[in-house]
2 protein chains.
Amino acid sequence: MNILNPKQIENESMRIISDIIGDYIGPAENLPIIKRVIHATADFDFLNTLYFSDNAVNKARETLKNGADIVTDTLMLSAGISKNYGVKIHCYVADDDVKEEAQARNTTRSIINIEHAAKNFSTAIYAIGNAPTALIRLCELIREGKANPALVIGVPVGFVNVIEAKNMLAALETDTPRIIAHGRKGGTTVACAIINALLYA
Amino acid sequence: MNILNPKQIENESMRIISDIIGDYIGPAENLPIIKRVIHATADFDFLNTLYFSDNAVNKARETLKNGADIVTDTLMLSAGISKNYGVKIHCYVADDDVKEEAQARNTTRSIINIEHAAKNFSTAIYAIGNAPTALIRLCELIREGKANPALVIGVPVGFVNVIEAKNMLAALETDTPRIIAHGRKGGTTVACAIINALLYA
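Residue numbers here run from 1 along each chain, matching the order of that chain's written sequence. Throughout, the order in which chains and ligands are written sets their labels, letters from A for the former and numbers from 1 for the latter. Thresholds applied to this predicted model are a pLDDT of at least 70 for local features of residues and 80 or more for the giving and counting of side-chain atom pairs; totals over whole chains, interfaces and linings are not thresholded and use all residues. Only hydrogens and water are set aside; all other atoms, that is, all heavy atoms of the structure, feed into the side-chain values.

A. Summary view of the overall build of chain A. Numbering of helices and strands runs from the N terminus, with a helix taken as a DSSP run of H or I at least four residues long and a strand as a DSSP run of E at least two residues long. From N to C terminus, chain A includes 10 helices and 6 strands. Principal-axis analysis of the C-alpha atoms gives chain A an extent of 55 × 35 × 35 Å. Remark: exposure states derive from per-residue accessible area (1.4 Å probe, protein chains only) relative to the maximum for the residue type, with buried under 20%, exposed over 50%, and partly exposed in between. Classification of the 201 residues of chain A by burial places 57% in the buried group. Just so you have it, chain A exposes about 8,700 Å², and 47% of that area is on carbon and sulfur atoms. Between the mean site of the 20 positive side-chain charges and the mean site of the 22 negative ones, chain A shows a separation of 2 Å. Note on areas: Shrake-Rupley, 1.4 Å probe, and residue coverage restricted to the protein chains presented here. Under this rule, positive means Lys or Arg and negative means Asp or Glu; His and the chain ends count for nothing. Every charge is mapped to an atom, namely NZ of Lys, CZ of Arg, CG of Asp or CD of Glu.

B. Expanded view of the packing of aromatic side chains. Any two of the Phe, Tyr and Trp rings considered here, Trp counted by its six-membered ring, make a pair once their centres fall within 6.5 Å; the pair's planes then place it as stacked at under 30 degrees, edge-to-face at over 60, or tilted in between. A full pass over the atoms with the stated rule returns 4 aromatic pairs over all chains. Each ring, one from Phe44(A) and one from Phe159(B), has its centre 5.9 Å from the other, and the planes form 80 degrees; the classification is edge-to-face. On the criterion of chain membership, the pair formed by Phe44(A) in the loop between α2 (31-41) and α3 (46-49) and Phe159(B) in the loop between β5 (151-154) and α9 (162-171) is interchain, its members lying in two chains. Among the residues examined, Phe44(A) registers a relative accessible area of 21% and is labelled partly exposed.

C. Focus on the interface of chain A and chain B. In this analysis, two residues are considered to be in contact whenever any of their non-hydrogen atoms come within 4.5 Å of each other. Opposite the 39 residues of chain A that make contact, chain B presents 39 residues. Criterion for a salt bridge: a side-chain nitrogen of Lys or Arg within 4 Å of a carboxyl oxygen of Asp or Glu. The interface formed by chain A and chain B includes 2 salt bridges. The residue Asp43(A) makes a salt bridge to Lys185(B) at a minimum N-O spacing of 3.8 Å. Between N or O atoms, a polar contact is any pair within 3.5 Å; within protein, one atom must be a potential hydrogen donor and the other a potential acceptor, and residues adjacent in sequence are included only when both atoms are from side chains. One can count 0 residue pairs in polar contact (both at pLDDT 80 or more) joining chain A with chain B. If you list the elements that add at least two residues to the side of chain A that touches chain B, you get α1 (6-21), α2, α5 (75-80), α8 (132-143), α9 (162-171) and α10 (188-199) of chain A. When residues in the side of chain A that touches chain B are grouped by element, the largest group, 7 residues, is from α1(A).

D. Molecular detail of the pairing of strand β4 (residues 125-128) of chain A. Residue and element names in this part refer to chain A. Burial along β4 is two-sided: Ile-125 and Ala-127 and Tyr-126 and Ile-128, pointing in opposite directions, are all buried. When DSSP locates at least two bridges between a pair of strands, those strands are taken to pair. Direction of pairing for strand β2 (residues 69-72) relative to β4: parallel, over a ladder of 3 bridges. Across the sheet, residue Ile-70 finds its bridge partner in β4, namely Ile-125. As paired elements, β4 and strand β5 (residues 151-154) share 4 bridges and run parallel to each other. Each bridged residue has a counterpart across the sheet, and for Ile-125 the counterpart in β5 is Leu-151. The parallel pair β4 and β5, bridged by α8, forms a crossover whose chirality is right-handed. When the strands point away from the viewer, a crossover counts as right-handed if the route from the first strand across the helix to the second turns clockwise.

E. Main features of the nonpolar core. The set of buried Ala, Val, Leu, Ile, Met, Phe, Trp, Tyr and Cys residues whose side-chain atoms join them within 4.5 Å is what this entry labels a nonpolar core. Formed by 88 residues in total, the largest nonpolar core has its most connected members in Ile153(A), Ile194(A), Leu198(A), Ile153(B), Ile194(B) and Leu198(B). When near neighbours in sequence (up to four residues on either side) are disregarded, Ile194(B) contacts Ile33(B), Val37(B), Leu50(B), Ile153(B), Val155(B) and Ile179(B).

F. Just the relation of the copies chain A and chain B, in detail. When the copies are superposed, the least-squares fit draws on C-alpha atoms of residues that have pLDDT of at least 70 in both. Between chain A and chain B, the superposition needs a rotation of 180 degrees and an axial shift of 0.0 Å, giving an RMSD of 0.0 Å. As the rotation angle and translation indicate, the two copies are arranged about a two-fold axis. No C-alpha of chain A approaches the rotation axis more nearly than that of Met76(A), which lies at 2.7 Å. Comparing interface residues between copies, 100% of those in chain A also lie at the interface in chain B; the contact surface is shared.

Written as structure tokens, this is what we have:
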């Protein structure tokens, strides 16, 4: 109750998380990301469900150094990403023309958001914490050569289309760097923790 | 993979969640809130950790009918709350004067945010999904008679001060309506799911 300094709180939290994780045998660069997701969820399931393609973390850090574009599936995720590192965040999901197009085509705003983003920022970092349909559409666009993300963070949460969307991302036969939370769990806080962990040097 | 209608996705998700929950013996008005938290996290632990004070849900729905004020601990939570129900959302955590006061008093911006909110919106709904120090300060202000919330949603997540803060809220000897996620788990998505579930009629 007496620890009030934010840095001190974080250090103590990370110490407890490390203690509980114990020995970790994966690539060293992935561990800070895993720990920050656990810090944001208090859920140690992510120790076993987070998947990183080879060198995804190092490649993403390199991209982010130069003030990358980040596309998100929700404004809530956009709001959570740290604004101190010069990244540019894009989300069209609440735009009037996106709403109209989704209604006209009888599909989700999440899908139209990704289509617009792929046109404008084909090589951005894409972070999807909520909408599995967005992730499915992104995978289709990657397959068709219409998007070539520097990184896909595929961590939607839920019960319908979610595991299918993640499996589709995992199965892409491209060299797209990817981070996936397998299973039903994930969410906006998980996507946010991953991006912020990549930003913190 | 073929379900694209958002309402259909949600109905199917809720059907799966109900199936897994099985028999539920708590007050009927709490169940939609619990289900929406599970929908947002895919984590059935919340079935056992969510605590509702007597009639908290009915009282909160009544308050929200009239376009209540909601105070949040993060801008990410503010961003996630549905804007379709005429609520007014307040969060000062990123304001310059809050930053300055936190530095001058060597404390957290989360605490100063709550102090400012209590002065301006003493009887608001307070939703805390991230910062345990904010919840601790809010409990102190309630004890001192300086805040009288219509509802406290106390669901911070993490490893330091978190369980203590929730226990402090649970132990308040006032008639403050409260919803608590006991244990380490919680988070911004949990707080957001609770508020949005209260808003959905």
